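Architecture and fold: a report
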Amino acid sequence: MSSDALAKAPAAPDIPEHADTLRIVPHRRLGQWAAAVAVLVLLGVAVNSVLRNEAFQWDVVADYFTSASVLRGLWLTLWLTAVVMALGFALGALLAAARLSANPVLRSVSWGYVWLFRSIPILVQLLLWFNIGALYPQLFGVRTVNLLTPIAVAIVGLTLHEAAYAAEVVRGGILSIDRGQIEAAQALGLSRWRRWWRIVLPQAMRSIVPPAGNMLIGTLKGTSIVSVIAVQDLLFSVQLVYHRTYQVIPLLMVATVWYTIVTSVLSVGQYHVEKYYARGAERTR
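Notes on the structure follow. Keep in mind that this is a model prediction, so the values were computed, not measured. Each chain carries its own residue numbering, running from 1 in the written order of its sequence. Only residues with pLDDT of 70 or above have their local features reported here, since the model is predicted, and side-chain atom pairs are shown and tallied only from 80 upward, although totals for entire chains, interfaces and linings are computed over all residues. For side-chain calculations, the full set of non-hydrogen atoms in the structure is used, while hydrogens and water are omitted.

The next thing to look at is the nonpolar core. For this analysis, a nonpolar core means a set of buried residues of the types Ala, Val, Leu, Ile, Met, Phe, Trp, Tyr and Cys, connected via side-chain atoms within 4.5 Å. Each residue's exposure class comes from its accessible area (1.4 Å probe, protein chains only) as a fraction of the maximum for that residue type: buried when under 20%, exposed when over 50%, partly exposed otherwise. With 19 residues, the main nonpolar core has Val-70, Leu-234, Val-238, Leu-251, Val-254 and Trp-258 as its most contacted residues. A run of H or I in DSSP counts as a helix once it spans at least four residues, and a run of E counts as a strand once it spans at least two, with each numbered from the N terminus. Of all elements in the fold, only α3 (58-65), α4 (68-99), α11 (234-245) and α12 (248-277) reach the threshold of two or more residues within this core. At 7 residues, the largest contribution of residues to this core is made by α12. In terms of nonpolar packing, the next biggest core, distinct from the first, is built from 16 residues, Val-169, Val-170, Ile-174 and Ile-208 among them.

Below, the structure written as structure tokens:
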């Protein structure tokens, strides 16, 4: 370097003699701490109000929490959720495959199905299926009233509704895979089944699991709507009790607490499934 360049170079900053004894003072975020304290105070007031409000009748909640009728309703809710999610995702996977197919007829039919069942509210769908006997008194030579019981109507209606959303979840997960990886697997001579099972599906699950977990929790809570067609799920079970005892609030709290417990367990399961499929991924959960 030339002498002129050295002359123009900025001088090194002066370092205090006692630099090693300087104390670093962290930035004080008084606003954040004040907001946190305010939130905790409001939360404490809300919790205290719920626990000390005699109108909730927590002793009645404890009496009915594990009663036989409530547990039967809870079991039916869990069973209905599992059946609807299994059938809904099976049908949704077929619809997603048809939507991604090169066949224009399959693509159109799949798109039409998703459009139709996402456009009609689930309550309207259930009521239509419940009253299907007015349109078709007999199906397969059997009276519709005997063929479609309230539980069968709930399974059919919820499954067809969930399949429309599951199809878009599965399709989005498949489309998130880089096309180059599939082409590389083809170049290696892997069969179509092995390409999907070993390459596409494990990576697609990273995108499928989060919305699928949300759908599972939403389906669990959404099963409460089947009470309108007299399916004795958890909500309908507590309704039967408070119609007899007139203890509306405590019985609704029984259902609320059970729904909260089950959704919390499902959320923990979703976290571990996401953790499993996130192995090797750069992004954080």
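Side chains carrying opposite charge are able to pair once their charged atoms draw close together. A side-chain nitrogen of Lys or Arg and a carboxyl oxygen of Asp or Glu constitute a salt bridge if their distance falls within 4 Å. For the structure on display, the rule yields 2 salt bridges. Between Arg-99 and Glu-168 there is a salt bridge; the shortest N-O distance is 3.0 Å. On the criterion of sequence distance, the pair formed by Arg-99 in helix α4 and Glu-168 in helix α8 (residues 150-175) is long-range, its members being 69 residues apart. Among the salt bridges present, the one from Arg-171 reaches Glu-168, with a minimum N-O distance of 2.9 Å. Within this pair, Arg-171 and its partner Glu-168 are both found in helix α8, separated by 3 residues, close to a single helical turn. Via salt bridges that share partners, Arg-99, Glu-168 and Arg-171 belong to a single interconnected network.

Positionally, Thr-219 belongs in helix α10 (residues 192-222). Thr-219 gets classed as buried once you look at its relative accessible area, which sits at 2%. Not counting residues up to four positions away in its chain, the partners in contact with Thr-219 are Thr-81, Val-84, Met-85 and Glu-162. For this analysis, residues touch if any pair of their heavy atoms sits within 4.5 Å.

Before going further, it helps to examine the packing of α4 against helix α5 (residues 104-119). Convention adopted: a line fitted to C-alpha atoms gives each axis, helices being fitted over their contacting stretch, and angles between N-to-C directions are expressed from 0 to 180 degrees. Relative orientation of the contacting elements α4 and α5 amounts to 135 degrees, with a least axis distance of 7 Å. The angle between the axes of α4 and α5 places the two elements in the oblique class. The two elements α4 and α5 meet at a crossing, and its hand is left-handed. Every residue of α5 that contacts α4 at Leu-91, Leu-95, Ala-98 and Arg-99 is listed here: Leu-106, Arg-107, Ser-110, Trp-111 and Tyr-113. Taken together, the residues of the contact of α4 with α5 sort by class into 6 nonpolar, 1 polar and 2 charged. We call two directions roughly parallel when the angle between them is under 35 degrees, roughly antiparallel when it is over 145, roughly perpendicular when it lies between 65 and 115, and oblique otherwise. Working rule for handedness: look at the near helix, and if it is turned counterclockwise from the far one by less than a right angle, call the crossing left-handed; if clockwise, right-handed. The nonpolar class holds Ala, Val, Leu, Ile, Met, Phe, Trp, Tyr, Cys and Pro. Asp, Glu, Lys and Arg form the charged class, and all remaining residues, Gly among them, are polar.

Glancing now at the packing of aromatic side chains. Two rings from Phe, Tyr or Trp (for Trp, the six-membered ring) form a pair when their centres sit within 6.5 Å of each other. Planes less than 30 degrees apart are called stacked, planes more than 60 degrees apart edge-to-face, and all others tilted. Scanning the entire structure with this criterion turns up 5 aromatic pairs. Taking 4.4 Å as the distance between ring centres and 0 degrees as the angle between the ring planes, the aromatic pair formed by Phe-65 and Trp-258 counts as stacked. Within this pair, whereas Phe-65 is found in helix α3, its partner Trp-258 is found in helix α12, the two being separated by 193 residues in sequence.

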